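A look at the structure
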Amino acid sequence: MKKHLISPLLLAFFIQGCGSSSSDTPEKPQETIEYTFSLTAQLTNDCGVANAFTDVELLLQDETWQTLSTHKADENGEISFVTESEFINYTLVAKDQQGSEAEGLNVVSFYQANSATPSYYQAQFDQGLDNASCECVTKDVQISHRTFAEQISVTSSTNFSDWTVIDNKNTLFEGIKVCRRLEGTWPLNSFSISGTDINQKSIAVARFTDDYESYNTGTLLLAADEVPDDASLVMPHQNFNTNQIIGSSIHFPTFVDKEDDSLLVFTTHSYISEAYYQSQASITFDERDSVVRSSVVKTMHQIISTDAQTSFAVKANDQRPSIDDIGIGEIKSDGSYDYSDVVGFPMAVISYTFLSFDPITKLLMPAKWTFYGQEKGILAISGPLTGYEKIIDINTRKEAIDVRLVKSVVADNYSDYIKYYQGDSTTDMSNDFVKNINEVLLNINY
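Notes on the structure follow. Please read these numbers as outputs of a predicted model, since none were measured by experiment. (Residues numbered from 1 in each chain as written. Predicted model: local features only at pLDDT ≥ 70, side-chain atom pairs only at ≥ 80, totals over all residues. Heavy atoms only, no water.)

Before going further, it helps to examine the sheet that holds strand S10 (residues 150–156). The strand order S10-S13-S14 describes an open sheet built from three strands, whose pairing is antiparallel. A single partner strand is all that each edge strand has here, and the edge strands are S10 and strand S14 (202–209). Taken over all neighbouring pairs, the strand axes of this sheet differ in orientation by 15 degrees on average, direction set aside. In this sheet, S14 lies alongside strand S13 (residues 189–196) in antiparallel orientation, the contact comprising eight bridges. (Pairing = 2+ DSSP bridges. Helix = DSSP H or I, 4+ residues; strand = E, 2+ residues; numbered from the N terminus. Axes fitted to C-alpha atoms, helices over the stretch in contact; angles between N-to-C directions.)

The subject of this paragraph is the layout of surface pockets. When its volume is computed, the second largest pocket comes out at roughly 600 Å³. Along the wall of the second largest pocket there are 28 residues; nearest its centre are Ser 194, Ala 204, Thr 254, Leu 263 and Leu 264. Secondary structure elements with two or more residues in the lining of the second largest pocket: S10, S13, S14, strand S17 (240–246), strand S18 (249–256) and strand S19 (262–265). Broken down by class, the residue content of the lining of the second largest pocket amounts to 12 nonpolar, 12 polar and four charged. (1 Å grid on protein atoms, 1.4 Å probe; cavity = no way out; pocket = protein on both sides within 12 Å on 5 of 7 lines; lining within 4 Å. Points joined across faces, edges and corners; volume = space filled by probe spheres on them. Nonpolar A, V, L, I, M, F, W, Y, C, P; charged D, E, K, R; others polar.)

Moving on to the nonpolar core. With 70 residues, the main nonpolar core has Phe 53, Tyr 90, Tyr 121, Tyr 339, Met 347 and Ile 350 as its most contacted residues. Leaving out residues up to four positions away in the same chain, Met 347 has contacts with Tyr 372, Gly 373, Arg 404, Leu 405, Val 406, Tyr 414, Tyr 417, Ile 418 and Tyr 421. In this structure, Phe 148, Phe 173, Ile 203 and Val 205 belong to the second largest nonpolar core, which totals 15 residues. (Core = buried A, V, L, I, M, F, W, Y, C linked by side-chain atoms within 4.5 Å. Buried < 20%, exposed > 50% of the residue type's maximum accessible area, 1.4 Å probe, protein only. Contact = heavy atoms within 4.5 Å.)

Here we take up the state of the cysteines. Tallied over the entire structure, the rule returns two disulfides. Between the sulfur atoms of Cys 136 and its disulfide mate Cys 179 the distance is 2.0 Å. Residues Cys 136 and Cys 179 share a disulfide whose torsion about the S-S bond is about 110 degrees; that sign makes it right-handed. On the criterion of sequence distance, the pair formed by Cys 136 in strand S9 (residues 134–144) and Cys 179 in strand S12 (residues 170–181) is long-range, its members being 43 residues apart. Assessed through its relative accessible area of 35%, Cys 136 is described here as partly exposed. If one numbers only the bonded cysteines of the protein, in the order they occur, the disulfide pattern is 1-2, 3-4. (Disulfide = S-S within 2.5 Å.)

Next up on the list: the packing of aromatic side chains. Taken as a whole and assessed by the stated rule, the structure comprises 23 aromatic pairs. Ring plane angle 5 degrees and centroid distance 5.1 Å describe the contact between Phe 110 and Tyr 372, whose orientation is recorded as stacked. Of the two residues, Phe 110 is situated in strand S7 (residues 104–114) and Tyr 372 in strand S24 (residues 364–374); the sequence distance between them amounts to 262 residues. Residue Phe 110 shares its accessibility class with Tyr 372, and that shared class is buried. Judged by centre distance (6.4 Å) and plane angle (75 degrees), the ring pair of Tyr 277 and Phe 312 falls under edge-to-face. Taken together, the residues Tyr 277 in strand S20 (residues 276–289) and Phe 312 in helix H2 (residues 308–312) connect sequence positions 35 residues apart. If you follow Lys 398 out to its NZ or CZ, it ends over the ring of Tyr 352, 5.5 Å from the centre. The cationic tip of Lys 407 hangs over the ring face of Phe 345; the distance from NZ or CZ to the ring centre is 5.0 Å. (Phe/Tyr/Trp six-rings, centres within 6.5 Å; stacked < 30°, edge-to-face > 60°. Lys NZ or Arg CZ within 6 Å of the ring centre and 35° of its normal.)

These figures capture arrangement, not role.
Okay, here's the thing in structure tokens:
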């Protein structure tokens, strides 16, 4: 009898064929990841107390800016929802009112915002400010100082209405207003005077104070006890503006001409260890003005540093950016845009100011729409602003267009940019994101 032999390879094939198929084994369901998006809207009063702002709602939108759902702020000014998308498109629509202007709308859109990043909205609504928690004083401040041949300019970290030379040893700041929280501490403010001595040499003096309780009535009398150092500048340099930031206040703002080889800098005051030097240089390339409209193209560079000379090394790009300020060819009528020809700027911030009308009262209504997105894409205004279609759409008459292209030295990709702008760090000048930043700016007014 003949034996039939089966090769090991064929045997393995048969065994595999007779075994259970992988398709017979139930697949393990993928775990759904959920993200809780949260946004806090607040209105800050004159003494820095943040209160809940409720006149804002959020439109959650898809890739084409169609509304998926609408979410209103609760009594705490908070909006929260759960999503399975790590990155979302959303638009905030908030009541807005400044000074003597009529009530209007402020609209802000974010493309591919991180849904797990806590978001914030800082409202501007002067009619709704609650200053009951504030104590404010308004008075004149007289600074006595060294002898000037001429006092040329003054600065202060707080608002004042005017200034007057009393004599060559006294200068008056008129109508300063300072506020604090009830039973809180008064803010730290600076007052500086610049001018020349009898030899026509530039001189300056300054004084810090946070004491307003010792002077309940009359003029506040202070003696200037700060004198600056004469800091040499590396030549050549551009025109630039510089100041010190202490806490959240700006001190000693100064314009530096490109011909200046030195600068008076207050470096020995008691708060210098807390100070950042902020310097900005800009170059204007095209400035057009006609009966129909005006436009301007600029580049800007900002450096913020604890070291003065590092900050003074600002240099705006002196090459005109590839940007169309005449036909605005980068923005199409369908809402698509493309600023990728300006290489190396991951973030585009595009703002429209509208001439719109309240559909009920038929009165003029101020409205602004700001969009944060990549260097190319589709503007949120291309989709309907659900609930507000009769006030703003892509065809509404525009009074102004502003385009900012942003490049931060510390940010590598777009997600870093959108996370910064949706967060609460945009007023923090010590944040690494803004310590070395370049911008291309286009402004058009109709």
